[in-house]
Amino acid sequence: MEITHKGNTLKIIRGIYNFNSVKEDTALTIGSFDVVNLGHQMVLNDLKAAALKRGLKSVVMIFEPQPQEYFSGEKAPARLMRLRDKLKTFCDSGIDIVVCLRFDDSLRNLTADAFISIIINGLYAKHLIIGDDFRFGCDRSGDFKMLQNSGKLNNFTVQQMRTFDVDDKRVSSTSIRKALIESKFDLAAKLLGKPFEVVGKVTYGAQVGRKLGFPTYSFRSRRRCQRFSERLSCRIWSICAAKNACSSSPSVGTLQRYRSATTKVKDVTQEISCVAIR
């Protein structure tokens, strides 16, 4: 499968059984990439530079569901970016290939040696960019040092992933999530390198707008989306209609209002469509 955007083409490989479609040596990084923040953008730039220098294809390995979702279930933090938007961002960044592995019992029980074998023999990795705290394999038995030692034996190099700091603090999904929860949207935009976005489709709601006298839109997410502690303002873009954005005052959270005696409204999480929160 391939997607093309802004003149870039991204090849998407799902599952280990499709690794036979990789025909060239690669430069690889691995992670959840919950949201592609400034730190991740720096990693992607380093990956592209390493691939170009060595004549390799740039590859990003991600997981669905994300490991934290697999282990924590409903207790896992809400996602900051949908898979579709993540793939689009990788494509815009000029990455050649994204490998998406299903994180399930089979992958969770894979030994560290077996995981390294997949990297070497399945993805032909010749260069890895990995955080020094990266752990892999059953019971997190593999680490950065193990990859370095294996690289010496199997002819691939391992580069330590750089950290990116803003105001002397490491940029991470956790710090961005904290900023959003505290309604510090300027800080979140600073860490992301752009305003935070939530994307979704318009769905039928309670049709309250007919009584209020102005248009309303309801959006529903398939996954839990990030919640905010305060009301906020935003700009909404339609991908199929108006070219210009329109202002709005959204309500983000669980739908508890406008119940009736005859209609039971489920407790669902609402999602704003195509929004850059200012």
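Residues numbered from 1 in each chain as written. Predicted model: local features only at pLDDT ≥ 70, side-chain atom pairs only at ≥ 80, totals over all residues. Heavy atoms only, no water.

## Regarding the pairing of strand E4 (residues 57-64)
Within a regular strand, side chains alternate between the sheet's two faces.
Phase 1: When you tally the buried positions in E4, you get seven out of eight residues, the bulk of the element.
Phase 2: In terms of strand pairing, strand E3 (residues 26-30) meets E4 through five bridges, oriented parallel. For Leu-28, the partnering residue across the bridge sits in E4 and is Val-59.
Phase 3: Running through helix H1 (residues 38-54), the crossover from E3 to the neighbouring parallel element E4 is right-handed.
Phase 4: Here six bridges tie E4 to strand E5 (residues 97-102), and the two strands are oriented parallel to one another. When the bridges of E5 are listed, Phe-63 appears paired with Leu-101. (Buried < 20%, exposed > 50% of the residue type's maximum accessible area, 1.4 Å probe, protein only. Helix = DSSP H or I, 4+ residues; strand = E, 2+ residues; numbered from the N terminus. Pairing = 2+ DSSP bridges. Right-handed = clockwise from strand over helix to strand, strands pointing away.)

## Quick notes on the packing of helix H5 (residues 112-122) against helix H6 (residues 144-154)
Phase 1: As a packed pair, H5 and H6 sit with axes 12 Å apart at the nearest point and diverge in direction by 50°. As far as their axial angle goes, H6 and H5 are oblique. For the crossing formed where H5 meets H6, the hand is right-handed. Two secondary-structure elements touch here, H5 through Ala-112, Asp-113, Ile-116 and Ile-120 and H6 through Met-146, Leu-147, Ser-150 and Asn-154.
Phase 2: Grouping the amino acids of the contact of H5 with H6 by side-chain chemistry returns five nonpolar, two polar and one charged. (Axes fitted to C-alpha atoms, helices over the stretch in contact; angles between N-to-C directions. Parallel < 35°, antiparallel > 145°, perpendicular 65-115°, else oblique. Left-handed = near helix turned anticlockwise from the far one by under 90°. Contact = heavy atoms within 4.5 Å. Nonpolar A, V, L, I, M, F, W, Y, C, P; charged D, E, K, R; others polar.)

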